[in-house]
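# Remarks on the overall topology
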2 protein chains.
Amino acid sequence: MPTKRTTVRRLPERGAYDRATIDAILDATCIASVGIVEDGTPLVLPMVFARDGDRLLLHGSPGSRLQRVLRGSAEVCVAVTLIDGLVLARSAAHHSVNFRSVLVLGRGVELEGADKQRAFERIVEHAVPGRWADCRQPNAHETKTTQVIAIPLTEASAKLRTGPPKDDEEDYALPHWAGVLPLTQAVGGPVPDPRSHPETELPAYLMRYVERSGGR
Amino acid sequence: MPTKRTTVRRLPERGAYDRATIDAILDATCIASVGIVEDGTPLVLPMVFARDGDRLLLHGSPGSRLQRVLRGSAEVCVAVTLIDGLVLARSAAHHSVNFRSVLVLGRGVELEGADKQRAFERIVEHAVPGRWADCRQPNAHETKTTQVIAIPLTEASAKLRTGPPKDDEEDYALPHWAGVLPLTQAVGGPVPDPRSHPETELPAYLMRYVERSGGR
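Here is what the cut-offs are and how they apply
- Residues numbered from 1 in each chain as written.
- Chains lettered and ligands numbered in written order.
- Predicted model: local features only at pLDDT ≥ 70, side-chain atom pairs only at ≥ 80, totals over all residues.
- Heavy atoms only, no water.
- Helix = DSSP H or I, 4+ residues; strand = E, 2+ residues; numbered from the N terminus.
- Buried < 20%, exposed > 50% of the residue type's maximum accessible area, 1.4 Å probe, protein only.
- Contact = heavy atoms within 4.5 Å.
- Areas by Shrake-Rupley, 256 points an atom, 1.4 Å probe, with all protein chains shown as cover.
- Lys, Arg positive; Asp, Glu negative; His and termini not counted.
- Charge placed at Lys NZ, Arg CZ, Asp CG, Glu CD.
- Buried area = accessible area lost by both parts, 1.4 Å probe.
- Salt bridge = Lys/Arg side-chain N within 4 Å of Asp/Glu carboxyl O.
- Polar contact = N/O pair within 3.5 Å; in protein donor to acceptor, adjacent residues only side chain to side chain.
- Patch = residues over 30% accessible without salt bridge, like charges linked within 9 Å, V, L, I, M, F, W, Y side chains within 5 Å.
- Least-squares fit on C-alpha atoms with pLDDT ≥ 70 in both.
- Pairing = 2+ DSSP bridges.
- Phe/Tyr/Trp six-rings, centres within 6.5 Å; stacked < 30°, edge-to-face > 60°.
- Lys NZ or Arg CZ within 6 Å of the ring centre and 35° of its normal.

## Quick word on the overall build of chain A
A tally of regular secondary structure across chain A gives 5 helices and 11 strands. For chain A, buried positions account for 53% of its 216 residues. Of the contacts formed within chain A by residues at least 6 apart in sequence, a portion of 71% connects residues at least 24 apart. By element, 56% of the accessible surface of chain A is carried by carbon and sulfur atoms, the whole surface being about 9500 Å². Charge centroids of chain A, computed over 27 positive and 27 negative side chains, lie 4 Å from each other.

## A word on the interface of chain B and chain A
Contacts between the two partners involve 93 residues from chain B and, on the opposite side, 94 residues from chain A. Buried area between chain B and chain A, both sides added, is near 7300 Å², and the carbon and sulfur share of it is 60%. Our count for the chain B to chain A interface comes out at 8 salt bridges. Here Arg90(B) and Asp193(A) are joined by a salt bridge, their closest N and O atoms 3.0 Å apart. Counting every contact that joins chain B to chain A gives 35 residue pairs in polar contact (both at pLDDT 80 or more).

## Thoughts on a positive patch on the surface
Taken together, the side chains of Arg68(A), Arg71(A), Lys4(B), Arg9(B) and Arg10(B) make up a positively charged region of the molecular surface. Mapping Arg71(A) onto the fold places it in helix α2 (residues 65–71). Residue classification places Arg71(A) among the partly exposed residues on the basis of a relative accessible area of 34%.

## Points about the relation of the copies chain B and chain A
Least-squares fitting of chain B to chain A yields an RMSD of 0.0 Å, with the superposition described by an axial translation of 0.0 Å and a rotation of 180°. Such a turn and shift between the copies fits a two-fold axis. Taking C-alpha positions as reference, the residue of chain B nearest the rotation axis is Gln185(B), located at 2.3 Å. The overlap is high: 100% of the interface residues of chain B also sit at the interface in chain A, so the same surface is used on both sides.

## Let's talk about unusual backbone geometry
All names here are of chain A. Unusually for a residue other than glycine, Asp 39 sits at a positive phi of about 50°. Residue placement: Asp 39 occurs in the loop between β2 (31–38) and β3 (41–52). Asp 39 sits in the exposed class, given a relative accessible area of 77%.

## Considerations on the pairing of strand β10 (residues 179–187) of chain A
One ladder, built from 4 bridges, connects strand β5 (residues 75–88) of chain A with β10(A); its direction is antiparallel. Its bridge partner being in β10(A), Leu88(A) is matched across the sheet by Gly179(A). Of the strand pairs in this sheet, β10(A) and strand β11 (residues 191–192) of chain B are connected by 2 bridges, and their pairing is antiparallel. Each residue of the ladder has a partner; that of Val180(A), found in β11(B), is Val191(B). Bridge analysis of β10(A) against strand β10 (residues 179–187) of chain B gives 5 bridges, and the strand direction is antiparallel. Of the residues in β10(B), the one forming a bridge with Ala186(A) is Thr184(B).

## Description of the side chain of Asp23(B)
Residues and elements named next belong to chain B. Relative to the assigned elements, Asp 23 resides in helix α1 (residues 19–26). Among the polar contacts made by the side chain of Asp 23, one reaches the side chain of Arg 51 at a distance of 3.2 Å. Non-local contacts of Asp 23, meaning those with residues more than four positions away in its chain, are made with Arg 51 and Leu 153.

## Digging into the pairing of β2(A)
Residues and elements named next belong to chain A. For β2, a buried count of 6 out of 8 residues is recorded, marking the element as mostly surrounded by other parts of the structure. Note: β2 against β3, 8 bridges, orientation antiparallel. Paired with Val 37 across the strands is Pro 42, a residue of β3. Here β2 runs beside β5; their pairing, made up of 3 bridges, is antiparallel. Note that in β5 the partner of Val 34 across the bridge is Val 78.

## Quick word on the side chain of Ser157(A)
All names here are of chain A. Examined against the element boundaries, Ser 157 turns out to sit in strand β9 (residues 155–161). Here Thr 6 takes part through its backbone oxygen, which lies 2.8 Å from a polar atom of the side chain of Ser 157. If near-sequence neighbours (up to four positions away) are discounted, Ser 157 is found in contact with Thr 6, Ala 16, Tyr 17, Ile 22, Ser 101, Val 102 and Leu 103.

## A short note on the packing of aromatic side chains
The way to describe two aromatic rings as a pair is by their centre distance and the angle between their planes. Summed over the entire model, instances satisfying the criterion amount to 0 aromatic pairs over all chains. Sitting above the plane of the Tyr172(B) ring, Arg195(A) keeps its charged end 3.6 Å from the centroid.

## Section: the pattern of salt bridges
Tallied over the full model, the rule gives 38 salt bridges over all chains. One salt bridge connects Arg100(B) with Asp84(B), and the closest N-O pair in it is separated by 2.8 Å. With a gap of 16 residues between them, Arg100(B) in strand β6 (residues 96–107) and Asp84(B) in strand β5 (residues 75–88) connect regions that are remote in the sequence. Sharing partners across several salt bridges, the network here consists of Arg19(A), Asp23(A), Asp27(A), Arg51(A) and Asp54(A).

Everything listed here is a matter of geometry and, on its own, says nothing about what the molecule does.
This is the structure:
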């Protein structure tokens, strides 16, 4: 549900508030920019995240300043941005960017027990589907020294821009090239760990990941 | 110069504070995540930025809540993150991400006059070198209704991870595939505006931009 704080006020036609749109953006990446306030100053830190139904999952070392804030009572902001293209208009002022972004505001809840164990699986599977069954799962020490925080998706909004540039009517006659330079995140060929057994083949779920992402 | 706030405390070997490293990361993209505090809550918003020597440039509509904060006396945070790969370790807990990121803390200064005009050129040229000479430059109305803010690069730090996964010694014998899935931002083939003159050719500076970025 949009609130006053998550309602898109500039260019409101770019705002979207349905969960299908929000979830599709969140599920297209595993990197977020997490905003906290420390001593009155905003700090923005890149973090791995996962969507787990109606909540986002974040994790890290319990001793870090970021994790202390995340498990506290303060509100935090999770921003996810996908850049789809540079929009070149005929006029400098109408240059723009095609993008899809999500803004989530909420307070963290620290996970424990079985919920925490399940969260580890979601975090790995959100990043690379199929990976959880193909790695050593967390032991007791790793589970204890990793904090997992859930942020509910109750206050969230999306913002999107698509399509060609929009110039002032009189500028369409100008001779400058105008259009979009599409940008995508591409997956390159997997690079095996130098310490891998030479006979270790690339598993099918990783082949699918590379193919699905249009890997080169 | 690193301060207490911009010093990398977790995994300090990943921190870097030299301007060459910081500038190279800033110059590799034109999208930042800008953090502000509004009514005590952190907000993170994606923005186009440019580096102009020893400062970052941000711009927008003077009436927006974000721009009001940026021209005020409050500290803001500008975060830039480049994702270079997903790092798949044999153990779930050692999965990681290869990345290059910059964190800048500072207070905005609103630009006026010739400095503001020059900033428009820097913003366009930072995003697409060569573009400024090939578009209509801002008129008096556009200049008046666009705010440009400079943030000095005095309090900034970089953080980087590169290379293969680092597993616990006893896990190297496990049979799971381990290594890196490289991620890059790829430029696709330019999409001309449907309203372009059919005879408008792609200029040389845009061909270079696509080729330099490994466009597909």
